[in-house]
Amino acid sequence: MAKAWHLTSRPQGLPTIDNFALREVPDAPLEKDQLRIRNLWLSVDPYMRGRMNDAKSYAASFQIDQPMTGGAIGEVIESRMEGFAPGDLILHMGGWRDGGVIGLDMMPNKLPGDMLAAGLTPQTFLHNMGLTGGTAWIGLLRIAAAKPGDTIFVSAAAGAVGSAVVQIAKAREMTVIGSAGGADKCAWALDLGADAAIDYKAGPVLPQLAAALKRLGKPGIDVYFDNVGGEHLDAAFATANDFARFAICGMIDVYNDAKPQEMKYIIRAIPARIRMEGFIYTDQFIDCMEEFYADMGGLIASGAVTMRETVHDGLTSAPDAFLGLFSGSNMGKMLVRV
């Protein structure tokens, strides 16, 4: 019998372990268009915090006392779905559990056999070849229309999305300033190729960003890739060049805090003609999936894009892994190995 994490109450502020319960999920015979799977890897991502609220958003809210869902890599054990056979490795949305029965609503997709044969690990499709890498690629190249010679500022540069942004930008000959929390994360951002790294835990963001731009001989930023919001977003407004583009991917700074955002420099959006656009990965991914796979696959194969994985072991560790996203305990992609 499979086990799955359930949301038992809606968090007020930062979630706690008391908001979750691990429960057995009754087994059942397979019906048409269903798979029985065994999960190997689970993804935990900041957007899941919004799904814990009872509020309208781009992703459906988790229902109280129902199994939670999220990205996962699983092996097909039994199939009544055309095109899938036992032994297939699949990417799907039936996460937060060790296995069980899933249907088409969990969006199962077989992992590309040629890419696995070439040496990509299955969990790569939960980061650089999946949601986080695709988010970085779409946000930087499609939403912000970043181009060679641009100066890029990316927050959470040592996170799963931010670290991919750094490397994609450097592969396209852009100047990159990354912000991260702590000396070790800043050092990793520099190892990835960032031209400068600022430590937001060491002091206010704006003076550090301005100093980095001065050292690099740059008048301002052309692109801001936002994973954090708050002070980082305001610093981007303050340092933006004319016609700068802001790709708003996330605002983890305020996911657990209902306080209004304070922007001192947002007025610069008018004279600098700043274009700011929020985006969701799924809005564009289908249209550019083949291009993304080819481009990112090549970058990974060449060594231009890599990823660190912060791995928690066992299904029981999933809530701790998720909560670790909000304390900055991950370097790169946070994963659960089932």
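The coordinates are above.
No experiment lies behind these values; they were computed from the predicted model shown.

**Let's talk about the overall build of the chain**
Counting its regular elements, the chain contains 9 helices and 15 strands. For 338 residues, the compact-globule estimate of 2.2 N^0.38 gives 20 Å, and the chain sits close to it at 20 Å. When its C-alpha atoms are laid out on the principal axes, the chain stretches across 65 × 45 × 35 Å. For the chain, the residues scored as buried account for 51% of the 338 residues in total. The contacts of the chain with a sequence gap of at least 6 include a subset with a gap of at least 24, amounting to 66%. If you sum the accessible surface of the chain, you get close to 14,900 Å²; carbon and sulfur atoms cover 53% of it. Each charge sign in the chain was given a centre, from 30 positive and 38 negative side chains, and these centres are 4 Å apart.

**Considerations on the nonpolar core**
Residues Leu140 and Ile168 are the most contacted members of the largest nonpolar core, which totals 49 residues. Those elements that place two or more of their residues in this core are helix H3 (131–143), strand E8 (151–154), helix H4 (160–171), strand E9 (175–180), helix H5 (183–191), strand E11 (221–226) and helix H8 (281–302). Beyond its immediate sequence surroundings of up to four residues, leucine 140 is in contact with Ala145, Ala146, Ile152, Val165, Ile168, Ala169, Val223 and Phe225.

**Thoughts on H4**
If you check H4, its first and last C-alpha atoms are 17 Å apart, about what 12 residues at 1.5 Å a residue would give, namely 16 Å. H4 sits mainly inside the fold: 10 of its 12 residues count as buried. Looking only at H4, the buried set comprises Ala160, Val161, Gly162, Ser163, Ala164, Val165, Val166, Gln167, Ile168 and Ala169. Positive phi appears at glutamate 173, one or two residues downstream of H4, with a value of about 60°.

**Describing the pattern of salt bridges**
Any two side chains of opposite charge can pair, given that their charged atoms come close. All told, the structure shown has 15 salt bridges when counted by the stated rule. Note that aspartate 65 is salt-bridged to arginine 23, the shortest N-O span being 3.1 Å. Of this pair, aspartate 65 sits in the loop between helix H1 (48–51) and strand E4 (72–79) while arginine 23 is found in strand E2 (residues 20–25), placing the two residues 42 residues apart along the sequence. Its relative accessible area of 34% is what places arginine 23 among the partly exposed residues. Note that glutamate 277 and arginine 275 form a salt bridge whose closest N and O atoms lie 3.4 Å from each other. For glutamate 277, a relative accessible area of 32% gives the class partly exposed. Residue classification places arginine 275 among the partly exposed positions, given a relative accessible area of 35%. Bridged by salt links that share partners, the residues Asp27, Arg36 and Glu78 form one connected network.

**A word on the sheet that holds strand E12 (residues 240–248)**
Note: strands within a sheet are paired through backbone hydrogen bonds, in either parallel or antiparallel orientation. With respect to topology, 6 strands assemble into an open sheet ordered E10-E9-E8-E11-E12-E13, the strand pairing being parallel. Edge positions in the sheet fall to strand E10 (196–199) and strand E13 (275–278), since each has one partner strand and no second. Pairwise comparison of adjacent strand axes, ignoring direction, gives a mean angle of 15° for this sheet. Sheet topology places E11 next to E12; 5 bridges connect them, and they run parallel. Bridge pairing in E12 places phenylalanine 225 opposite alanine 247. Packing against the sheet, H3 makes contact with E8, E11, E12 and E13, and its axis sits at approximately 150° to E11. Contacting E9 and E10, H5 crosses the sheet at an angle of about 165° to E10.

**Structural notes on the packing of H3 against H4**
Between H3 and H4, whose axes approach to 8 Å, the crossing angle comes to 50°. Classed by the angle they form, the pair H3 and H4 counts as oblique. The interaxial crossing formed by H3 with H4 has right-handed handedness. Judged by residue contacts, Thr132, Gly133, Thr135, Ala136, Trp137, Leu140 and Leu141 of H3 engage Ala160, Val161, Ala164, Val165, Ile168 and Ala169 from H4. Within the contact of H3 with H4, the residues separate by chemical class into 10 nonpolar, 3 polar and no charged.

**A closer look at the environment of leucine 335**
Its location among the elements puts leucine 335 in strand E15 (residues 333–337). On the accessibility criterion, leucine 335 (0% relative accessible area) is buried. Taking the C-alpha atoms as reference points, leucine 335 and aspartate 313, 22 residues apart in sequence, are found 8.6 Å from one another. Once residues within four sequence positions are removed from consideration, leucine 335 is found in contact with Trp41, Leu42, Ser43, Gln123, Leu126, His127, Glu309, Thr310, Val311 and His312.

Here is what the cut-offs are and how they apply
Residues numbered from 1 in each chain as written. Predicted model: local features only at pLDDT ≥ 70, side-chain atom pairs only at ≥ 80, totals over all residues. Heavy atoms only, no water. Helix = DSSP H or I, 4+ residues; strand = E, 2+ residues; numbered from the N terminus. Rg over C-alpha atoms; globule rule 2.2 N^0.38 Å. Buried < 20%, exposed > 50% of the residue type's maximum accessible area, 1.4 Å probe, protein only. Contact = heavy atoms within 4.5 Å. Areas by Shrake-Rupley, 256 points an atom, 1.4 Å probe, with all protein chains shown as cover. Lys, Arg positive; Asp, Glu negative; His and termini not counted. Charge placed at Lys NZ, Arg CZ, Asp CG, Glu CD. Core = buried A, V, L, I, M, F, W, Y, C linked by side-chain atoms within 4.5 Å. Expected span 1.5 Å × (residues − 1). Salt bridge = Lys/Arg side-chain N within 4 Å of Asp/Glu carboxyl O. Pairing = 2+ DSSP bridges. Axes fitted to C-alpha atoms, helices over the stretch in contact; angles between N-to-C directions. Parallel < 35°, antiparallel > 145°, perpendicular 65-115°, else oblique. Left-handed = near helix turned anticlockwise from the far one by under 90°. Nonpolar A, V, L, I, M, F, W, Y, C, P; charged D, E, K, R; others polar.

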